[in-house]
Amino acid sequence: MTETARPAPSAQLTAEDEVVAICRDLIRLDTSNYGTGEGPGERAAAELVMELLTEVGLEPELFESRPGRASVVVRLEGQDPSRPALVLHGHLDVVPAAAGDWSVGPFAAELTDDVEGGMIWGRGAVDMKDMDAMILAVVRQLVREGRKPARDVVVAFFADEEAGGKFGAGYLTREHPGLFEGATEAISEVGGFSVDVDGRRAYLLQTAEKSLAWLRLIADGRAGHGSQVNEDNAVVALADAVARIGRHAWPYTPTPTVDALLRGVADLTGLPYDGARFAEDPAMVDALVAALGPAAKFVGATVRNTSNPTQLEAGYKANVIPGSASAVVDVRLLPGHEVAGMATLRELAGPDVRIETVHQDVSLEVPFTGSLVDAMVDAIGAEDPGATVLPYTLSGGTDNKWLSRLGITGYGFAPLRLPAELDFAGMFHGVDERVPADALKFGTRVLDRLLRTC
């Protein structure tokens, strides 16, 4: 393990000099979000962010939606403040980590030498304290050097993203929308990372997200003794519904972003692609998705809807038939297909099971065009000449969903140049999260260039 201390502030310090230390400092703070309404560690992370921003002369604001659920926002004045502002945001919470499953301590922030430049390990190294660190390092460099971004930039670090954002981005967009006044576009996580496609490097820029619906299925029946005949058993009705939903083969369904991505992959690989045959030729689609290597985990879930049962609850004793039983299903529906998807789920659940919404949020999809997209593509090209940038759909969701309620168009762009063999996509919410230190330094160069040209 290699130790790295954050360098002392100086006018000559660059984002590349300190991004690794900032990332490790953030990882060491256990900001696990258990989805219970509490956020132990989020306040400490927010205070570190406040310290890093005030240290260079900025005046950030800290907001708590409830004790400990802290977010930080600061606005940078641009060279042309008359232009619409850009939101550059990350989240400070992480999903929990079971230490026994990891090769290293998930909050030890170890820096190992298994790749050139070192590898940073820990919960949040991928999702998304790596991007948080890049944002902080680049903003600090801008301020130290007395430079302004091309336009106003609202820099935000949110709480609670991993549980839907109610106490973070949701709270700020509802209660403090003025923080984002004049903003029309946003940049955040789960995009901009590289993948190897047939020996060529391509960067996936996220221009779409599936919708999110956590649904509770509830079956009611007749309670009774476990030894008796009971044809109104709530557990049986629920189990049938869960099995139908979990086993449902959702049809392959093209969307504009997925179609554009697969056309790009076909161009890079020479594999055949005919968008008109998307639905009836799954093998064609699967071959193109597989060409994306580890990123196929994300992309493969965006060619159709998904519905995965995740929780079950019923009964309190082995010989008592319960009067009710419930389950939770994680549903992700393609942009533009939410109404039809929900109708299918109600049909699969059947008449004996009712559906309640635990949490639901919108899908997003924007064209792979415009001046901001051009600036992101150009920033990648300047640092990695010859690389290709392709749009893609995220199977999960981000805080861009909350910002969309204010009319802000969101993209996923956390630029990382990664080793071809690294299963980056598989480490989101996974074990042994890690990111190459050199990838963070690459990202700071790209982000700095983007803020100068956006």
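An account of the accompanying structure is given in this report.

Conventions adopted
Residues numbered from 1 in each chain as written. Predicted model: local features only at pLDDT ≥ 70, side-chain atom pairs only at ≥ 80, totals over all residues. Heavy atoms only, no water. Helix = DSSP H or I, 4+ residues; strand = E, 2+ residues; numbered from the N terminus. Rg over C-alpha atoms; globule rule 2.2 N^0.38 Å. Buried < 20%, exposed > 50% of the residue type's maximum accessible area, 1.4 Å probe, protein only. Contact = heavy atoms within 4.5 Å. Areas by Shrake-Rupley, 256 points an atom, 1.4 Å probe, with all protein chains shown as cover. Lys, Arg positive; Asp, Glu negative; His and termini not counted. Charge placed at Lys NZ, Arg CZ, Asp CG, Glu CD. Pairing = 2+ DSSP bridges. Phe/Tyr/Trp six-rings, centres within 6.5 Å; stacked < 30°, edge-to-face > 60°. Expected span 1.5 Å × (residues − 1). Arc of directions from axis to C-beta. Axes fitted to C-alpha atoms, helices over the stretch in contact; angles between N-to-C directions. Parallel < 35°, antiparallel > 145°, perpendicular 65-115°, else oblique. Nonpolar A, V, L, I, M, F, W, Y, C, P; charged D, E, K, R; others polar. Salt bridge = Lys/Arg side-chain N within 4 Å of Asp/Glu carboxyl O.

### Topic: the overall build of the protein chain
Phase 1: In terms of regular secondary structure, the protein chain is built from 12 helices and 19 strands.
Phase 2: Since a compact globule built from 454 residues should have a radius of gyration of about 22 Å, the 23 Å found for the protein chain is in line with a globular shape.
Phase 3: Taken along the three principal axes of its C-alpha coordinates, the protein chain extends 80 × 55 × 45 Å.
Phase 4: The proportion of buried residues among the 454 residues of the protein chain is 56%.
Phase 5: Of the contacts formed within the protein chain by residues at least 6 apart in sequence, a portion of 78% connects residues at least 24 apart.
Phase 6: Within the structure as shown, the protein chain displays about 17800 Å² of accessible surface, and the carbon and sulfur contribution to it stands at 50%.
Phase 7: When the 40 basic and 66 acidic side-chain charges of the protein chain are each reduced to a single mean position, those positions are 2 Å apart.

### Describing the pairing of strand 2 (residues 70-76)
Phase 1: By the criterion of burial, strand 2 is predominantly enclosed, with six of the seven residues buried.
Phase 2: The antiparallel pairing of strand 1 (residues 61-64) with strand 2 creates a hairpin that spans five residues between the two strands, and Gly68 there sits at a positive phi of about 90°.
Phase 3: Note: strand 2 against strand 6 (residues 153-158), five bridges, orientation antiparallel. Counterpart to Val73 in the pairing with strand 6 is Ala156.

### Describing the packing of aromatic side chains
Phase 1: Evaluation of the coordinates by the stated rule reveals six aromatic pairs.
Phase 2: The interplanar angle of 50° and the centroid separation of 6.4 Å between the aromatic rings of Phe158 and Phe180 together place this pair among those described as tilted. A residue pair is termed long-range when its members are at least 10 positions apart, and Phe158 in strand 6 and Phe180 in the loop between helix 4 (169-175) and strand 7 (183-188) qualify at 22 residues. Per residue, the accessibility class of Phe158 equals that of Phe180, and both read buried.

### Notes on helix 1 (residues 15-28)
Phase 1: Its 14 residues place the ends of helix 1 20 Å apart at the C-alpha level, agreeing with the 20 Å of an ideal helix rising 1.5 Å per residue.
Phase 2: Most of helix 1 is tucked away: 10 of the 14 residues are buried.
Phase 3: Listing the buried residues of helix 1 in full gives Ala15, Glu18, Val19, Val20, Ala21, Ile22, Cys23, Arg24, Leu26 and Ile27.
Phase 4: Summarising the contacts, the buried residues of helix 1 are in contact with helix 2 (42-54), strand 4 (111-112), strand 5 (119-121), helix 3 (129-144) and helix 12 (437-453).

### Considering helix 9 (residues 338-349)
Phase 1: Taking 1.5 Å of rise per residue, 12 residues should cover 16 Å, and helix 9 covers 16 Å from first to last C-alpha, within 8% of that figure.
Phase 2: When helix 9 is considered as a whole, its buried residues turn out to be Gly341, Met342, Leu345, Leu348 and Ala349. Along the axis of helix 9, the buried residues cluster in a sector spanning 120°; they form a single face. Away from its buried face, by an angle of more than 90 degrees, helix 9 presents the exposed residues Val339, Ala340 and Glu347.
Phase 3: Those residues of helix 9 that are buried lie in contact with strand 10 (211-220), helix 5 (234-247), strand 12 (306-314), strand 14 (324-333) and strand 15 (353-361).
Phase 4: Of the residues trailing helix 9, Gly350 is marked for its positive phi of about 85°.

### Let's talk about the sheet that holds strand 15
Phase 1: Ordered by their spatial adjacency, four strands build an open sheet running 12-14-10-15, and the pairing between neighbours is antiparallel. Of all the strands in the sheet, just strand 12 and strand 15 have a single pairing partner and so form its edges. Averaged over all neighbouring strand pairs, the angle between strand axes comes to 20°, with direction disregarded.
Phase 2: Bridging between strand 12 and strand 14 involves eight bridges; their strand directions are antiparallel. Pairing of Leu312 across the sheet is with Ala327, part of strand 14.
Phase 3: Packing against the sheet, helix 5 makes contact with strand 10, strand 12, strand 14 and strand 15, and its axis sits at approximately 10° to strand 14.

### With respect to the packing of helix 5 against helix 9
Phase 1: It is at 8 Å that the axes of helix 5 and helix 9 come closest, and there the two elements cross at 140°. Here helix 5 is positioned oblique relative to helix 9, judged by the angle of their axes. For the pair formed by helix 5 and helix 9, the contact residues are Ala241, Arg244 and Ile245 on the first element and Leu345, Leu348 and Ala349 on the second.
Phase 2: Class assignment for the residues of the contact of helix 5 with helix 9 results in five nonpolar, no polar and one charged.

### Examining the pairing of strand 6
Phase 1: A large share of strand 6 lies buried, amounting to six of its six residues.
Phase 2: Of the two faces of strand 6, the one holding Val153, Val155 and Phe157 and the one holding Val154, Ala156 and Phe158 are both buried throughout.
Phase 3: Two strands pair when backbone bridges link them, and strand 3 (residues 85-91) and strand 6 are joined in this way by six bridges, in the parallel orientation. If you follow Leu88 over to strand 6, its bridge partner there is Val155.

### What about the pattern of salt bridges?
Phase 1: Applying the stated criterion across every chain, the model contains 29 salt bridges.
Phase 2: The residue Glu42 makes a salt bridge to Arg69 at a minimum N-O spacing of 2.6 Å. Placement of Glu42 in helix 2 and of Arg69 in the loop between strand 1 and strand 2 is noted, with a sequence separation of 27 residues between them. By the burial criterion, Glu42 is buried, and Arg69 matches it.

### Quick word on the sheet that holds strand 19 (residues 434-436)
Phase 1: Taken together, three strands build an open sheet; the order of strands is 4-5-19 and the sheet is antiparallel. This sheet does not close on itself; its edge strands, each paired only once, are strand 4 and strand 19.
Phase 2: Two elements, strand 4 and strand 5, share two bridges in a ladder whose sense is antiparallel. Bridge assignment links Leu111 to a residue of strand 5, and that residue is Ile120.
Phase 3: With respect to the sheet, helix 12 is in contact with strand 4, strand 5 and strand 19, its orientation differing from that of strand 19 by roughly 65°.

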